[in-house]
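Close look at the chain arrangement
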Amino acid sequence: MKGEIIPFNIDRFVKIMEKRFREGTPPILTLIAKRGATPFQVLVSTILSLRTKDEVTATACDNLFQVARTPREILNLEEGKLKELIYPVGFYP
């Protein structure tokens, strides 16, 4: 009938969502965290990902964390080197 309200089927909804979740690619931050990043690295990755696509975030994070993995190591980088490492995200003046 027109205008008939169909009851919501939560079990069907959950099955559809589970299927879609399995088919999808997790966000880069999830992958970074799962491969053993420290909380600091997850935080930095989150900041770098704010305005970028996952592929760009992954490149910038890989560049940075190959050279500097701790707050101290990042602080010890020269500004030009840091700009070079995170260049893909464009977060520099």
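Above this text is the structure in question.
Residues numbered from 1 in each chain as written. Predicted model: local features only at pLDDT ≥ 70, side-chain atom pairs only at ≥ 80, totals over all residues. Heavy atoms only, no water.

1. Some remarks on helix α1 (residues 10-23)
To keep it simple, the criterion reads: Only DSSP runs of H or I covering at least 4 residues are called helices, and only runs of E covering at least 2 are called strands; the numbering of each starts at the N terminus. Expected helix span is taken as 1.5 Å per residue step, with the number of steps being one fewer than the number of residues. To sort residues, take the accessible area from a 1.4 Å probe on protein chains only and compare it with the maximum for the residue type: under 20% means buried, over 50% means exposed, and anything in between is partly exposed. What qualifies as a polar contact is a pair of N or O atoms within 3.5 Å, subject to a donor-acceptor requirement within protein and to the restriction that residues adjacent in sequence count only when both atoms come from side chains.
Taking 1.5 Å per residue as the helical rise, α1 with its 14 residues ought to reach 20 Å, and the 20 Å between its terminal C-alpha atoms agrees with that figure. Little of α1 is tucked away: 0 of the 14 residues are buried. Among the residues of α1, the N-terminal cap falls to Asn-9, whose side-chain oxygen and the backbone nitrogen of Asp-11 are separated by 3.1 Å.

2. Quick look at a nonpolar patch on the surface
Where we set the bar: Patch rule: a residue counts if its relative accessible area is over 30% and it has no salt bridge; like charges are joined within 9 Å, and nonpolar side chains (Val, Leu, Ile, Met, Phe, Trp, Tyr) within 5 Å. The method behind every accessible area is Shrake-Rupley, applied with a 1.4 Å probe, and residues are considered shielded solely by the protein chains displayed. We define a salt bridge as a side-chain nitrogen of Lys or Arg found within 4 Å of a carboxyl oxygen belonging to Asp or Glu.
Taken together, Phe-8, Ile-10, Phe-13, Val-14 and Met-17 make up a surface patch of nonpolar side chains, about 500 Å² in accessible area. Take Val-14: its relative accessible area is 36%, and that puts it in the partly exposed class.

3. Some details on helix α4 (residues 54-67)
For clarity, the cut-off: Note on definitions: a residue-residue contact is assigned when non-hydrogen atoms from the two residues lie within 4.5 Å.
For α4, spanning 14 residues, the distance from its first C-alpha to its last is 20 Å, which sits close to the expected 20 Å at 1.5 Å a residue. Buried within α4 we find Thr-57, Ala-58, Ala-60, Cys-61, Leu-64 and Phe-65. Those residues of α4 hidden inside the fold are in contact with α2 (28-34), α3 (39-48), α5 (71-75) and α6 (79-85).

4. Some remarks on the pattern of salt bridges
If you walk through the whole model with that rule in mind, you get 5 salt bridges. For Lys-19, the salt bridge identified is with Glu-23, shortest N-O distance 3.8 Å. With Lys-19 and Glu-23 both in helix α1 and 4 residues apart, the pair spans about one turn of that helix. The partner of Lys-81 in a salt bridge is Glu-84, and the shortest N-O contact between them spans 3.4 Å. Taken together, the residues span about one helical turn, with Lys-81 and Glu-84 both in helix α6 at a distance of 3 residues. Judged by relative accessible area, which is 32%, Lys-81 ranks as partly exposed. Bridged by salt links that share partners, the residues Lys-19, Arg-20 and Glu-23 form one connected network.

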